[in-house]
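# Topology and contacts: notes
If you want the building blocks of each chain, they are given just below.
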Amino acid sequence: MTARAMTPKARVSRANVFMALLRRDMRVARRELPFFLVRTTLQPLMFIVVFGYLLPKMGFMKEGYSTALLPGVLAISLTFSAIQSVALPMVQDFGWTREIEDRLLAPVPTSLVAAEKIVAGVLQGFVAALFVLPLARLIMGPIPNLTFAHIGTVLLITLLGGAAFSSLGMWLGTAIQPQQIGLMFSVILAPMIFFGCAYYPWQGLSAVPVMKYAVLINPLVYVSEGMRAALTPAAPHMPLGAVIGALIAITVIFWTVGMKSFMKRALG
Amino acid sequence: MTETNAITIRALRKVYKATGGKKLRHLSLPGGSFMPGGTGGMPRPSAHDVIALDSLDLDIRQGEFFGLLGPNGAGKSTTIGVLTTRIVPTSGTATVAGSDVGTQAVSVRQRIGVVPQQPNADRSLNVIENLQFHAAYFGIPVAAATKRAQELCETLGLSDKLNVKLNEMSGGQQQRLMIVRALMHEPDVLFLDEPTVGLDPQARLGLWEILRGLHAQGRTIVMTTHYMDEADRLCDRLAIIDRGKLLALDTPRALKDKAPGGTLLELVLDGDALGAAEKVKAIDGLTRVEASGTVLQAYSGTGGRLLPAMIEAAEQSGRRVKDIHLLPPSLETLFVSLTGRKLG
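### Here's the deal with the overall build of chain A
Along its length, chain A carries 10 helices and zero strands. Whereas a compact globule of 268 residues would reach a radius of gyration of roughly 18 Å, chain A reaches 20 Å, a difference of no more than 12%. Summarising its shape, the C-alpha atoms of chain A cover approximately 85 × 35 × 35 Å along the three principal directions. Scored against the burial criterion, the 268 residues of chain A give a buried share of 44%.

### Quick look at the environment of Leu-160 of chain A
All names here are of chain A. Within the secondary structure, Leu-160 is located in helix H6 (residues 151-175). Taking the C-alpha atoms as reference points, Leu-160 and Tyr-222, 62 residues apart in sequence, are found 9.9 Å from one another. Apart from the residues within four sequence positions on either side, Leu-160 is in contact with Ile-244, Leu-247, Ile-248 and Thr-251.

### Observations regarding the sheet that holds strand E8 (residues 220-225) of chain B
Adjacent strands of a sheet pair through backbone hydrogen bonds, lying either parallel or antiparallel. All names here are of chain B. Pairing within the open sheet is mixed, and its six strands lie in the order E6-E7-E8-E3-E9-E10. Two strands lie at the open edges of the sheet, namely strand E6 (112-115) and strand E10 (245-250), each paired on one side alone. Averaged over all pairs of adjacent strands, the angle between their axes in this sheet comes to 15 degrees, without regard to strand direction. Helix H5 (residues 171-183) contacts E6 and strand E7 (189-193) of the sheet and is inclined by roughly 170 degrees relative to E6.

### Description of the nonpolar core
Judged by nonpolar contacts, the single largest core of 148 residues is most densely connected at Val-73 of chain A together with Val-96, Val-180, Val-189, Phe-191, Ile-221 and Val-222 of chain B. A total of 16 residues in this core trace back to one element, the largest contributor, which is helix H3 (residues 65-97) of chain A. Contacts of Ile-221 of chain B, omitting those with residues within four sequence positions, involve Phe-65, Phe-66, Leu-190, Leu-192, Leu-211, Leu-214 and His-215 of chain B. Counting residues in each nonpolar core, the second largest holds 16 residues, with Leu-269, Leu-286, Ala-298 and Ala-313 of chain B among its members.

### Observations regarding the pairing of E7 of chain B
Residue and element names in this part refer to chain B. Counting buried positions along E7 yields five of five residues, so the element is predominantly enclosed. Side chains Val-189, Phe-191 and Asp-193 project from E7 onto one buried face, and the interleaved Leu-190 and Leu-192 project onto a second face that is buried too. As defined by bridge partners, E7 adjoins E8 across five bridges and the pair is classed as parallel. Note on E8: the bridge partner recorded for Val-189 is Thr-220. Handedness of the crossover joining E7 and E8 through helix H6 (residues 201-216) is recorded here as right-handed.

### Notes on the packing of H6 of chain A against helix H10 (residues 240-266) of chain A
Geometrically, a packed helix pair is captured by the angle between its two axes and the distance between the axes. Residue and element names in this part refer to chain A. For the pair H6 and H10, interaxial distance at closest approach is 7 Å and the crossing angle is 30 degrees. Judged by the angle between their axes, H6 and H10 are roughly parallel. Between H6 and H10 lies a crossing whose hand is left-handed. Its residues assigned to classes, the contact of H6 with H10 shows 16 nonpolar, seven polar and one charged.

### Some words on the sheet that holds strand E4 (residues 91-96) of chain B
Residue and element names in this part refer to chain B. With respect to topology, four strands assemble into an open sheet ordered E2-E1-E4-E5, the strand pairing being antiparallel. In this open sheet, the two strands that pair with only one neighbour each are strand E2 (50-61) and strand E5 (99-100). Pairing between E4 and E5: two bridges, direction antiparallel. For Val-96, the partnering residue across the bridge sits in E5 and is Ser-99.

### With respect to helix H7 (residues 181-194) of chain A
Side chains that are three or four residues apart share a direction in an α-helix, a result of its 3.6 residues per turn. Residue and element names in this part refer to chain A. A rise of 1.5 Å per residue sets the reference length of H7, with its 14 residues, at 20 Å; its end C-alpha atoms lie 19 Å apart and thus fit the reference within 8%. Taken as a whole, H7 carries its principal kink of about 25 degrees at Ile-188; the proline Pro-191 stands between one and four residues after it. For H7, the full list of buried residues reads Met-184, Leu-189, Met-192 and Ile-193. Where H7 is buried, its residues touch H3, H6 and helix H9 (219-231).

### A word on the interface of chain A and chain B
Accessible area lost on assembly of the parts is the figure often given for the size of an interface. With 29 residues of chain A at the interface, the matching set in chain B holds 33 residues. Elements with a minimum of two residues in the side of chain A that touches chain B: helix H1 (14-31) and helix H4 (101-104) of chain A. Of the residues forming the side of chain A that touches chain B, the biggest block, six residues, is contributed by H1 of chain A. Here the residues of the side of chain A that touches chain B are counted per class, giving 14 nonpolar, six polar and nine charged.

### So, the domain arrangement of chain B
Considered domain by domain, chain B is made up of domain 1 (62-86 + 97-251) and domain 2 (262-328). Relative placement of domain 1 of chain B and domain 2 of chain B: their C-alpha centres are 45 Å apart.

### Describing helix H5 (residues 110-140) of chain A
Helix length check: H5 of chain A, at 31 residues, gives a terminal C-alpha distance of 45 Å against a target of 45 Å (1.5 Å per residue), a fit within 8%. One or two steps after H5 of chain A, the chain reaches Gly-141 of chain A, where phi turns positive at roughly 80 degrees.

### Remarks on the confidence of the model for chain B
Residues and elements named next belong to chain B. Counting all residues, the mean pLDDT for chain B is 86, and 88% of those residues have values of 70 or more. Low confidence marks residues 21-42, where pLDDT is under 50. Its contacts with residues over four positions away, or in another chain, come to 24 contacts. With pTM at 0.84, the complex prediction returns an ipTM value of 0.91.

What counts, and where the lines are drawn
Residues numbered from 1 in each chain as written. Chains lettered and ligands numbered in written order. Predicted model: local features only at pLDDT ≥ 70, side-chain atom pairs only at ≥ 80, totals over all residues. Helix = DSSP H or I, 4+ residues; strand = E, 2+ residues; numbered from the N terminus. Rg over C-alpha atoms; globule rule 2.2 N^0.38 Å. Buried ≥ 20, exposed ≤ 12 C-beta atoms within 10 Å, placed from the backbone. Contact = placed C-beta atoms within 7 Å. Pairing = 2+ DSSP bridges. Axes fitted to C-alpha atoms, helices over the stretch in contact; angles between N-to-C directions. Core = buried A, V, L, I, M, F, W, Y, C linked by C-beta atoms within 7 Å. Right-handed = clockwise from strand over helix to strand, strands pointing away. Parallel < 35°, antiparallel > 145°, perpendicular 65-115°, else oblique. Left-handed = near helix turned anticlockwise from the far one by under 90°. Nonpolar A, V, L, I, M, F, W, Y, C, P; charged D, E, K, R; others polar. Expected span 1.5 Å × (residues − 1). Bend = angle between axes of the 7 residues up to and from the residue. Domains from an automatic or database assignment. pLDDT = per-residue confidence, 0-100.

Here is the structure:
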């Protein structure tokens, strides 16, 4: 028996591998689309049915509430799907299926595998937001002050919000033990949603000043307010510059922490 | 690394830091005088840290079928983990196919194929998609990948499974898929971590045939196992490791020759063996003669050569021999003598 001579290998293009990883995630996401949409958008849509349709019909809500509600519900759909799209596969892959190991053995830097996952999360956030927007409009009827004149800003907020929350999902998914996944929803995500200025504008919290400043640590606040600034600019909202600045800072923080946590799990 | 080495390991050490004392296996350290070799100023490990690899040195030649043998927790999987760039060592160096696993991990990954202990194929994809995507991660275009996947699946008996979902496949089929996947990008070195655990005997023999075939093509294969017979039959050379240390390294035959006590000769008699044992003890070259009920045992340093003398002595004592067993020196006996514990 003679040993094989080591074959010279051409260097693999990182961009090609990144696209292959992304294609894999998109193919899986496409197959699971109905489940994905139900998982990430059913809760905000039910909220719209109750607060955007039933309560106004009963006369409990003022007409203009839908103006405050629509951007917030979009923000929730976007962030919820971005977190879940990254966190759930991470918990599964590192927890028991080990399926990601094949990708971790791809001839590219390990951080590229994590970066792709975050990008896939952003794309899935886009899909969820795009799905909820027309449905919300349909359920709530005409929404005062709603405009699509600033579509570029809407896309920018979606991109930044998706990146921030996908990175958060990377962190949570690699730092949390599989058996604590339920705790993640009740201790982290639920308070984030209720105190994320999604169901009320931030300016409205002037009535409770302590809350108004306490909620600023909640990253969802900036996505909700950013959506308001972009979709219903005539209604009260946080200044767009502050929103964008905060979202960039949050993305950088979560990306750094999420990447570090991923690398720790990937290189056991 | 030298020209002929596929893998070179020098002073490789991996210490897992204790985290809250949970799930940790304590390995005894020489009390108070712990001086790790070649770890230059490393903090002293605490009593609860686990030393998975303890200054391991190893050379594996190109084209070799190399076995890492040891009980559970010996450090086999950690060694494979470091060599496949998935575990960062605490200190020491390892080169695989000419590249350093730490500083040139990407080029190491390009040249290795890995078959994991538990099949970890992508359950969201079917068989052919698994193989196509794996190839895409290595920059292989889909047409070439499909062709190669078909060829390999044909060779490994999976050609009727190309469009099948993973949960419709048996454990043996999934394990073969892992081998196909590992070979998709034509690796120079193939790593298999306990590849036959959980397989039924038939699937196990099938897998051995496949591995022999890959070896015959000249591929370097590194396999961990805690099955002695597997290591014995497949590997050119074996390293016996335990508690992160290399205990013995040689061909299976040479290792077996080192096994203490020689060949076990066993006679089953038609009655109590005590009288026969007294006669047999007089035979020069037999040691540790013991009678247990109707069974008479003795060890010989010359294989079965003394068996006729033993039978004659037993029959002289008035017993008839009903059955004969001859157990050559085994890796198992060597392992027990080296480590003081059994495999598995």
